[in-house]
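These are the residues of each chain, in order.
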Amino acid sequence: GAAAGKAIIATDIGGARTVIEDGRNGYILPNSDDTSALAKSMISAAEPETFKALSASAVSLKDRFTLAVMLDRTEALYRNAASKLQKAAPQPVT
């Protein structure tokens, strides 16, 4: 995949679009479209310069998804949620 410097070819499910920029660091295919998958794979094989450009761009993704980055994002998400819950909680009557 991306960390290995390879262009990514994925179907349009789950979080693929959060990682892959279609035509920039890989290709996103419609679900269950075997013809598109084959065509994109053939383009990558037949056009080495296109494949190199996609692969070079894909390598940059690995820094966005390290364990440390993902832990920081998860912690920030929980802190934000906790802050909103605290603000929304009814205040005790004194």
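A brief structural summary. In this text, all values refer to a predicted model and were calculated from it rather than measured experimentally.

1. Brief notes about the overall build of the chain
A count of helices and strands for the chain gives 4 helices and 2 strands. The secondary structure elements of the chain, listed N-terminal to C-terminal, are β-α-β-α-α-α. Considering the chain as a whole, with its 94 residues, one finds that 20% of them fall into the buried category. Sequence-distant contacts, at least 24 apart, represent 43% of the contacts inside the chain between residues at least 6 apart. In the structure as shown, the chain presents an accessible area of about 6,800 Å², 60% of it carried by carbon and sulfur atoms.

2. Some words on helix α4 (residues 67-88)
Spanning 22 residues, α4 covers 32 Å between terminal C-alpha atoms, matching the ideal 32 Å at 1.5 Å per step. Of all 22 residues in α4, 0 are buried, a share of ten percent or less.

3. Topic: the nonpolar core
In terms of nonpolar packing, the biggest core is built from 6 residues, these being Ile8, Ala10, Ala16, Ile20, Ile28 and Leu61. The residues touching Ala10, leaving out its near neighbours within four places in the chain, are Ala16, Ile20, Tyr27, Ile28 and Leu29.

4. Regarding the pattern of salt bridges
A complete count under the given rule lists 4 salt bridges for this structure. As a salt-bridge pair, Glu21 and Arg24 come within 3.2 Å of each other at their nearest N and O atoms. The salt bridge involving Glu49 is made with Lys52; its shortest N-O contact spans 3.8 Å. Separated by 3 residues within a single helix, Glu49 and Lys52 lie in helix α3 (residues 48-59), roughly one turn from each other. Across this residue pair, the class does not change: Glu49 and Lys52 are exposed.

Basis of the calculations
Residues numbered from 1 in each chain as written. Predicted model: local features only at pLDDT ≥ 70, side-chain atom pairs only at ≥ 80, totals over all residues. Heavy atoms only, no water. Helix = DSSP H or I, 4+ residues; strand = E, 2+ residues; numbered from the N terminus. Buried < 20%, exposed > 50% of the residue type's maximum accessible area, 1.4 Å probe, protein only. Contact = heavy atoms within 4.5 Å. Areas by Shrake-Rupley, 256 points an atom, 1.4 Å probe, with all protein chains shown as cover. Expected span 1.5 Å × (residues − 1). Core = buried A, V, L, I, M, F, W, Y, C linked by side-chain atoms within 4.5 Å. Salt bridge = Lys/Arg side-chain N within 4 Å of Asp/Glu carboxyl O.

Nothing here speaks to function; it is geometry throughout.
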